[in-house]
Amino acid sequence: MDDVRDAVSDAVGWAVDDAVDRAAGRAVGDAVGDAVGRAVGMAVGRAVDDAVSGAVDDAVSEAVHDAVDVAVYEAVRWAVFETVGDVLRG
């Protein structure tokens, strides 16, 4: 009878140990997965945001710079044209 009791006790002990190990493994795996997912998501989000923001800033800066260059060129050209016209007209 003691052998049966020991066998049952061992079987129950192993089953409980396995169940606890699986539950702990799942809990740790879920926690690590969530933490890694959040960290990767935040890092990717920041990288994309920085890249898009930098590209937009560069594009706007170039457009404004080009517009100012054209405006200054046109103003100087017209000023020279009018001055030369005034000189030629006497």
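Residues numbered from 1 in each chain as written. Predicted model: local features only at pLDDT ≥ 70, side-chain atom pairs only at ≥ 80, totals over all residues. Heavy atoms only, no water.

Enquirer: Explanation requested: the overall build of the protein in the structure shown.
Expert: For the protein, the count of helices and strands is 1 helix and 0 strands. Seen along its three principal axes, the alpha-carbon backbone of the protein occupies a region of about 130 × 10 × 5 Å. For the protein, the exposed area adds up to about 7,500 Å²; of that, 66% sits on carbon and sulfur atoms. (Helix = DSSP H or I, 4+ residues; strand = E, 2+ residues; numbered from the N terminus. Areas by Shrake-Rupley, 256 points an atom, 1.4 Å probe, with all protein chains shown as cover.)

Enquirer: How should the pattern of salt bridges be read in this particular structure?
Expert: Once the charged atoms of two side chains with opposite charge are near each other, the side chains can pair. Using the criterion set out here, one finds 1 salt bridge in the structure. Between Arg-77 and Glu-74 there is a salt bridge; the shortest N-O distance is 3.0 Å. With Arg-77 and Glu-74 both in helix H1 (residues 2–89), this residue pair falls 3 residues apart, about one helical turn. Judged by relative accessible area, which is 39%, Arg-77 ranks as partly exposed. Its relative accessible area of 28% is what places Glu-74 among the partly exposed residues. (Salt bridge = Lys/Arg side-chain N within 4 Å of Asp/Glu carboxyl O. Buried < 20%, exposed > 50% of the residue type's maximum accessible area, 1.4 Å probe, protein only.)

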